[in-house]
Amino acid sequence: MTDNTIAQVVNDDLCTGCGTCIALCPKEAIKLTISEKKDIYIPELDEKKCDSCGICYKVCPGHEVDFKQLNLEIFGKEPEDIIIGNHSNCYFGHATDYNIRYNSASGGFITQLLIFALEEGIIDGALVTRMKKDNPLEPEPFIAMTREEIIEASKSKYCPVPANIALKKILKSKDSERFAMVGVPCHIHGIRKAEIINKKLKQKIVLHLGIWCSTTCNFLGTEFLLKRLGVSKEEVRELNYRGGGWPGEMSIQLKNGEKRFISLGDYWDANFSSFRPSRCRLCSDATAEFADISFGDYRGQDAYLKEKIGNSGIISRTVISEHILQRMLSKQKIEIWRISSTDVAISQDYFYSKKNVKAVFNLFCFLGKNIPIYNQELFKPSLIIYLLEISLHLRTLLVSRRYLWSLLKMYTFSYALMLKSTSCVKSKLKR
């Protein structure tokens, strides 16, 4: 039983681990598991319960995302800007609440917006993610119903997150209740596909907040970082990947009361980012194009000149997002500055994933691997991009085996030389 179920997606190695299929399955025939081989979440189908309705396959963003259809469905038009997608305005800014801003990943904008929407009665709750208290290395998607719970879910999670499993609670909520959701592009893709076939879900989610995403890392990546610090998984009481100003640091509290810290710049390097799942490498949407509004670190020069605490980049895409921003501004909950879409695009290298992804597609096809269907314009990659992607592919194979980690330093040196030699070419590609 694979042709029209999530089992086919898993067999094809195209699952994003978003959790949409689990929440939408009417027979509750799918459960979430962590693959010991890949250290990511994957769904497991109970064929005895499954009646082959095909809903799990239809809502899955892993095997197909029809960008043209979704753009027409959500915005009524295809995007003029194929790098960041349909949008109304672009900004950078931050929350005016210092504590929220300081303790968030960048400018605290998502946390502040959710609190504002909750207190203004725009939403009754928000689908967000925190780390489990009884297992601090695993994420816990949940519905935050209070200011305190929203703050508890702040900061980035650089690990697999099956956020959409919490959609089940939204579907079971009272008819009058309305919600926001926060997720990376694949979570947004899953929800938007689900809303097409489930009108109740579309009615209930009134605000889609997207997080810019270069990639996530599997659980093995976190284990790698802990090993660098000389910490075992069993010793960890609490873990935060970001926070403490900008660009922030990972903080680890051990069960013996000791604390360990490692700056973002020290751990988010070529080694850690190589622990990305293979499906992440096939993603062409870095800016959460189907969100109402999307956010991420803003690294433009204007931000550097003004503040060192952190600023959020903001891409406002719909009427509701623009309306909420202006209300927040009038009540002095935020400070924002208008910027161009070009300023946003050049502030993050990974926004140009559309210039790389076709090379990954071709590489995967050459290796006999499956690729998703997009119905989207992609760039023709250069020879340099092919070389970089082949090098990255070799690195991902290297990090997948713990006994090979000792070779990473040597490989990192050669990879850094390649990046340096191609930096001028990459700068030209951005133009």
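Note: the structure precedes this text.
Residues numbered from 1 in each chain as written. Predicted model: local features only at pLDDT ≥ 70, side-chain atom pairs only at ≥ 80, totals over all residues. Heavy atoms only, no water.

> Looking at this structure, I do not really get the sheet that holds strand β9 (residues 249–254). What am I missing?
Backbone-to-backbone hydrogen bonds pair the strands of a sheet. The strands run either parallel or antiparallel. Taking strand neighbours across the sheet as the criterion, the three strands line up as β8-β9-β10 in an open arrangement whose pairing is antiparallel. In this open sheet, the two edge strands, each paired with only one partner strand, are β8 (236–240) and β10 (259–263). Along the sheet, successive strands turn relative to each other by an average axial angle of 15°, direction set aside. Bridge count between β8 and β9: four bridges; the pairing is antiparallel. Bridge pairing in β9 places E238 opposite Q253. Of the strands in this sheet, β8, β9 and β10 are in contact with helix α11 (residues 219–228), which crosses β8 at around 110°. (Pairing = 2+ DSSP bridges. Helix = DSSP H or I, 4+ residues; strand = E, 2+ residues; numbered from the N terminus. Axes fitted to C-alpha atoms, helices over the stretch in contact; angles between N-to-C directions. Contact = heavy atoms within 4.5 Å.)

> Please clarify how the pairing of strand β6 (residues 179–183) should be interpreted in this entry.
Successive side chains on a regular strand alternate, one facing one side of the sheet and the next facing the other. Buried residues dominate β6, accounting for five of its five residues. Neither face of β6 is exposed, since F179, M181 and G183 on one face and A180 and V182 on the opposite face are all buried. Pairing geometry for strand β4 (residues 125–131) and β6, over three bridges, is parallel. For G125, the partnering residue across the bridge sits in β6 and is F179. (Buried < 20%, exposed > 50% of the residue type's maximum accessible area, 1.4 Å probe, protein only.)

> Would you take a moment to explain the packing of aromatic side chains for this structure?
Both the distance between ring centres and the angle between the ring planes are used here to describe each pair of aromatic rings. If you walk through the whole model with that rule in mind, you get 13 aromatic pairs. Note on F361 and Y374: the rings are 5.7 Å apart at their centroids and 40° apart in plane angle, and the pair reads as tilted. In this pair, F361 sits in helix α17 (residues 357–366) while Y374 sits in the loop between α17 and α18 (383–399), placing the two residues 13 residues apart along the sequence. Across the pair, Y374 and F361 agree in class, each one buried. Sitting over the ring of F142, R130 keeps its end group 3.6 Å from the ring centre. (Phe/Tyr/Trp six-rings, centres within 6.5 Å; stacked < 30°, edge-to-face > 60°. Lys NZ or Arg CZ within 6 Å of the ring centre and 35° of its normal.)

> Would you mind going over the side chain of K157 with me for this structure?
The topology assignment puts K157 in the loop between α7 (147–152) and α8 (167–171). As a buried residue without a salt bridge, K157 has its nearest oppositely charged side chain in E152, at a separation of 9.5 Å. Within the local environment of K157, its side chain forms a polar contact with the backbone oxygen of S154, the two atoms lying 3.1 Å apart. The contacts of K157, once residues within four sequence positions are left out, are T129, R130, M131 and Y241. (Lys, Arg positive; Asp, Glu negative; His and termini not counted. Salt bridge = Lys/Arg side-chain N within 4 Å of Asp/Glu carboxyl O. Polar contact = N/O pair within 3.5 Å; in protein donor to acceptor, adjacent residues only side chain to side chain.)

> Would you mind showing me how to read helix α9 (residues 185–197) here?
Helical geometry: 3.6 residues make up each α-helical turn, so side chains three or four residues apart lie on a common side. With 13 residues, α9 ought to run about 18 Å at 1.5 Å a step, and its terminal C-alpha atoms sit 19 Å apart, in line with that. With respect to burial, α9 is a largely interior element, 11 of its 13 residues being buried. Taken together, the buried positions of α9 are occupied by P185, C186, H187, I188, H189, G190, I191, R192, K193, A194 and E195. (Expected span 1.5 Å × (residues − 1).)

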